[in-house]
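Secondary and tertiary structure notes
Chain by chain, the residues run as shown.
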Amino acid sequence: MMNKLIVGRFVPKDSFVHRMDARAKVLLSIAYIFIIFEVTNWLGYLIMGLFTIAVTSLTKVSLKTYIQGIKPLIWLITFTVFIQMFFAPSGHVLWNYWIFKVTDIGLLNAVYVLVRFILIIMMSTVLTLTTSPLAIADALEYLMKPLLKIKFPVYEVSLMLSIALRFVPTLMDETERIMNAQRARGVDFANGGIIKRVKALVPILIPLFTNAMKRAIELGDAMEARGYQIDKPRSRYRILVWHRRDTMACLVFGLLLIILIIIKHFI
Amino acid sequence: MGIKFESVSFTYQPQTPFAYQALENVSLEIPTNSYTALIGHTGSGKSTILQLLDGLLIPTEGLITVNDCRITPQTKQKTLATVRSQVGMVFQFPENQLFEQTVLADVMFGPLNFGKSKEAASRLAKEALRLVGLPDDLWQQSPFELSGGQMRRVAIAGVLALEPKILVLDEPTAGLDPKGRLEIMQMFAQLYQAKKLTVILVTHQMEDVLRYANNVIVMDTGKVVKTTTPLTLFADEKWLKQHQLATPKVIQFVQKMKQNGIELTALPTNVTELADLLMQKIKIEGDRQNDE
Ligand SMILES: Nc1ncnc2c1ncn2[C@@H]1O[C@H](COP(=O)(O)OP(=O)(O)OP(=O)(O)O)[C@@H](O)[C@H]1O
Ligand SMILES: [Mg+2]
């Protein structure tokens, strides 16, 4: 079940996007979200869609993988789209029942939300599929540096973040292993009512938490044994390097924004 | 009856970029009441086979029969409980599955799940705890306060309490001290004899293969490359070298003697047998010299 989750997983490959600086990728992914909320017409969405597909093809990961990445979020998307559709405040009423009212504006908004959702998921998947979790954590640390001025514990937070990201796959594997061990002892996750299924979680969660706790203590000991001290500046092993391709990518995004603004205001 | 794999393939995370074919067209047969060792390099697919035959994974292709249960790619999760009730599975590092408040309650967990009454479960649990040699003053303690070796014993007891007819062991003694290892392996051997079990053992200890098993399956990168008996396997020095498998010490000893011109009448499976064979040899030699 968990093995099907694509969003948030890293596929090591050698492509243009993989080789980009993590900072550029994080920044541009955030920029992408702002840009997409600027788009308000069909031509704009068409351009965004084509652009996004072009970017995914630059990652050397098949489009099929991205589409699979959208699947697990389908319920969230449907829910949001329906809310948009039924509770639009204004517009010409097309259909009416009890408190539900579908207006032309509501319908249009719903479609926009759907497209936005899909595009944003695709672009976030580009980020996580092409960037190792540790590189993302490094990039965030770098981008948060200005916050040091207001005494925000940037280094500690980024360390927490990288440890958390590092252990997500480990914990997933472990959950799978523990589930199997308990299944072999007769726990049945597939049958039974809701209460029985919730009860079946206890034999998974307890070993999972105790193991996570043990691992955290061991990691802490290992770090202290190697001289880690909180509050001390750290040198780094992986150094992020900004290349010409990163500048180029930023320019392309700038160009995209200009085109979209022109479309919005002049067409 | 018994266990049978017919052209079984298995792929982890199919249809994703992480897809990995762990088994390719595996056919094998494990007779009822045999003690089968499953060996091969790390990553060769041994644990995958074990999980398939316990119904924890469903094959991507092929057919698996465990006694009268059939598992095919179309089999639904819901029907697999019957398979699991016949197979007792000791996982790699089984102490990770402990969760109850007391040792006894943890061992009772399995039997209760498979529908035993409280009294029956408690009786089975106590029996199993005695078998693994856990002192009874520890039974009411929390399993998390035990040492690693004691936790391992509790976890193994948790499986034995199910009274399985098929016992599947995935490196059950990895990380134990030599004495603990011997005790646990002897216990399994006795259980195998006494209860007429079918035992499947995954191990990297060739000594254990030679000593306890009567059937060996060798895996290499997702395929079965040999099915034979331990003595035949370890007699073929060249094949073992090719597949980078170690030769047990007693066999190495016999081979060294042979190089020096001393031949024994049979191959030993453990040190005691080796000693007996040597005694015989000395006696024969002695008699011959006396005759001359
Ligand atoms: N959940 C999983 N997802 C993807 N690949 C996996 C998964 N579990 C195992 N594999 C891969 O399948 C292959 C076979 O794994 P398996 O655990 O069966 O090996 P093994 O023979 O038991 O090795 P070991 O002796 O180290 O226990 C390995 O290459 C492993 O990387
Ligand atoms: Mg294994």
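Each chain has its residues counted from 1, following the order in which its sequence is written. Lettering of chains starts at A and numbering of ligands starts at 1, both following the order in which they are written. In keeping with the predicted nature of the model, local features appear solely for residues at pLDDT of at least 70, side-chain atom pairs appear and are counted solely at 80 or more, and the whole-chain, interface and lining totals rest on all residues. With hydrogens and water stripped out, all remaining heavy atoms of the structure feed into the side-chain values.

1. What about the site of ligand 1?
All names here are of chain B. In the vicinity of ligand 1 lie 15 residues, with Thr 42, Gly 43, Lys 46, Ser 47 and Thr 48 positioned nearest. For the purposes of these results, a polar contact is taken to be a pair of N or O atoms within 3.5 Å, where, inside protein, one atom must be able to donate a hydrogen and its partner to accept one; residues adjacent in sequence count only when each atom of the pair is a side-chain atom. Interatomic distance of 3.3 Å between a side-chain N/O atom of Gln 13 and a nitrogen atom of ligand 1. In this structure, an oxygen atom belonging to ligand 1 sits 3.0 Å away from a main-chain N or O atom of Gly 45. When the free accessible area of ligand 1 is taken as 640 Å², the share hidden by the protein chains comes to 71%. Elements that contribute at least two residues to the shell around ligand 1 include exactly strand E2 (20-30) and helix H1 (46-53). It is H1 that contributes the most residues to the shell around ligand 1, 3 residues altogether. Classifying every residue of the shell around ligand 1 by side-chain character gives 3 nonpolar, 10 polar and 2 charged. A molecule or strand has a residue near it when one of that residue's heavy atoms lies within 4 Å. Surface accessibility follows the Shrake-Rupley procedure with a 1.4 Å probe radius. Residue values consider only the protein chains on display as shielding. For the purposes of this entry, the term helix denotes a DSSP run of H or I that reaches at least four residues, the term strand denotes a run of E that reaches at least two, and both are numbered from the N terminus. For this classification, the nonpolar set comprises Ala, Val, Leu, Ile, Met, Phe, Trp, Tyr, Cys and Pro, the charged set comprises Asp, Glu, Lys and Arg, and every other residue, Gly included, is treated as polar.

2. Remarks on the UniProt feature "transmembrane region" (unreviewed entry) in chain A
All names here are of chain A. UniProt positions are given in the numbering used here, feature names are shortened, and annotations may be inferred rather than shown by experiment. Taking the numbering used here, the UniProt-annotated feature "transmembrane region" (unreviewed entry) corresponds to residues 26-53, 73-95, 107-130, 150-168 and 248-266. Along residues 107-130 one finds 100% helix and 0% strand; the C-alpha atoms at either end are 35 Å apart. Here residues 150-168 is 79% helix and 0% strand, with 30 Å between the C-alpha atoms at its ends.

3. Points about the interface of chain A and chain B
Contact between two residues is taken to exist if any of their heavy atoms lie within 4.5 Å; hydrogens are not considered. Listed by partner, the interface residues are 26 residues for chain A and 26 residues for chain B. Buried area counts how much accessible surface, traced with a 1.4 Å probe, disappears from two parts once they are put together, with both parts' losses summed. Between chain A and chain B, roughly 2400 Å² of surface is buried when both sides are summed, and carbon and sulfur atoms account for 58% of that area. Among the residues chain A hides against chain B, the three largest losses belong to A:Arg183, A:Ala184 and A:Arg185. Together they make up 29% of the total. Salt-bridge detection follows one rule: a side-chain nitrogen of Lys or Arg within 4 Å of a carboxyl oxygen of Asp or Glu. Along the contact surface separating chain A from chain B lie 1 salt bridge. With a shortest N-O distance of 3.1 Å, A:Arg185 and B:Asp106 are connected by a salt bridge. For the interface between chain A and chain B, the tally reads 5 residue pairs in polar contact (both at pLDDT 80 or more). Broken down by secondary-structure element, the contributors of at least two residues to the side of chain A that touches chain B are helix H4 (63-70), helix H8 (154-184) and helix H10 (202-225) of chain A.

4. A few points about the side chain of A:Glu174
Residue placement: A:Glu174 occurs in helix H8. If near-sequence neighbours (up to four positions away) are discounted, A:Glu174 is found in contact with A:Leu208, A:Asn211 and A:Arg215.

5. Points about the pairing of strand E3 (residues 35-40) of chain B
All names here are of chain B. For E3, a buried count of 6 out of 6 residues is recorded, marking the element as mostly surrounded by other parts of the structure. Between buried and exposed lies partly exposed: a residue is buried under 20% and exposed over 50% of the maximum accessible area for its type, with that area taken using a 1.4 Å probe on protein chains only. The alternating pattern of E3 places Tyr 35, Ala 37 and Ile 39 on one face and Thr 36, Leu 38 and Gly 40 on the opposite face, and all of these are buried. Any two strands with at least two DSSP-identified bridges between them are counted as paired. The sheet contact formed by E3 and strand E8 (residues 198-202) spans 4 bridges and is parallel. In the sheet register, Thr 36 faces E8, and the bridge partner there is Ile 200. Both E3 and strand E9 (residues 215-220) contribute to a ladder of 5 bridges, which runs parallel. Looking across to E9, one finds that Ile 39 is bridged to Val 218.

6. Some remarks on the pairing of strand E10 (residues 223-228) of chain B
Residues and elements named next belong to chain B. For E9 and E10, the ladder comprises 5 bridges, and the chain directions are antiparallel. Bridge pairing in E10 places Asp 220 opposite Lys 223. Joining the antiparallel neighbours E9 and E10 is a turn of 2 residues, in which Thr 221 adopts a positive phi near 35°.

7. Points about the sheet that holds E10(B)
All names here are of chain B. Spatial ordering of the open sheet is given by E6-E7-E8-E3-E9-E10, a layout of 6 strands whose pairing is mixed. Edge positions in the open sheet fall to strand E6 (87-90) and E10, since each of these has one partner strand only. Neighbouring strand axes in the sheet, compared pairwise and without regard to direction, differ in orientation by 15° on average. As paired elements, E6 and strand E7 (residues 166-170) share 4 bridges and run parallel to each other. Axis definition: a line fitted to C-alpha atoms, over the contacting stretch in the case of helices. Angles run 0 to 180 degrees between N-to-C directions.

8. Focus: the environment of A:Ile70
Residue and element names in this part refer to chain A. Within the secondary structure layout, Ile 70 lies in helix H4. Ile 70 gets classed as buried once you look at its relative accessible area, which sits at 9%. Residues Ile 70 and Ala 137, 67 residues apart in the sequence, show an inter-C-alpha distance of 24 Å.

9. What about the coordination of the magnesium ion (ligand 2)?
All names here are of chain B. Donor criterion used throughout: N, O or S atom within 2.8 Å of the metal, extended to 3.2 Å for Na, K and Ca. Water excluded; incomplete-looking sites may result. Binding of the magnesium ion (ligand 2) to the protein goes through Ser 47 (OG) and Gln 92 (OE1), at separations of 1.9 to 2.8 Å. Here Ser 47, found in helix H1, pairs with Gln 92, found in the loop between E6 and helix H3 (103-113); they are 45 residues apart in sequence, far enough to count as distant. For Gln 92, a relative accessible area of 32% corresponds to the partly exposed category.

10. Observations regarding the domain arrangement of chain A
Its domain assignment divides chain A into domain 1 (1-131 + 239-267) and domain 2 (155-234). One C-alpha centre belongs to domain 1 of chain A, the other to domain 2 of chain A, and the line joining them spans 32 Å. An automatic or database domain assignment is the source of the domain bounds shown.

11. Focus on the UniProt feature "domain: ABC transporter" (unreviewed entry) in chain B
Residues annotated in UniProt with the feature "domain: ABC transporter" (unreviewed entry) correspond here to residues 3-246 of chain B. End-to-end, the C-alpha atoms of residues 3-246 of chain B are 27 Å apart, and along that stretch the chain is 36% helix and 25% strand.

12. A look at the packing of aromatic side chains
The geometry of an aromatic ring pair is captured by two quantities: the separation of the ring centres and the angle between the planes. Residue and element names in this part refer to chain A. Two aromatic rings from Phe, Tyr or Trp, using only the six-membered ring of Trp, form a pair when their centres are within 6.5 Å; if the ring planes differ by under 30 degrees the pair is stacked, by over 60 it is edge-to-face, and anything between is tilted. Taken as a whole and judged by the stated rule, the model has 7 aromatic pairs over all chains. Each ring, one from Phe 51 and one from Phe 253, has its centre 5.3 Å from the other, and the planes form 80°; the classification is edge-to-face. One end of the pair, Phe 51, is in helix H3 (residues 42-57); the other, Phe 253, is in helix H11 (residues 244-266), and 202 residues separate them in sequence. Accessibility expressed as a relative area gives 14% for Phe 51, which makes it buried. Chaining the aromatic ring pairs together yields one cluster made of Trp 42, Tyr 45 and Tyr 112.

13. Points about the nonpolar core
Put simply, a nonpolar core is a bunch of buried Ala, Val, Leu, Ile, Met, Phe, Trp, Tyr and Cys residues held in one set by side-chain atoms that sit within 4.5 Å of each other. With 58 residues, the main nonpolar core has B:Tyr35, B:Leu160 and B:Phe188 as its most contacted residues. With sequence-adjacent residues up to four places away left out, B:Tyr35 is seen in contact with B:Met185, B:Phe188, B:Tyr192, B:Val199, B:Leu201, B:Tyr212, B:Ala213, B:Asn214 and B:Asn215. Residues A:Tyr45, A:Val102, A:Met122 and A:Val126 belong to the second largest nonpolar core, which totals 36 residues.

14. Things to note about the confidence of the model for chain B
Residue-level confidence of the predictor is summarised by pLDDT, bounded by 0 at the bottom and 100 at the top. Scored by pLDDT, chain B has a mean of 91; 100% of the residues are at 70 or more. Here the predicted complex carries an ipTM of 0.85, next to a pTM of 0.81.

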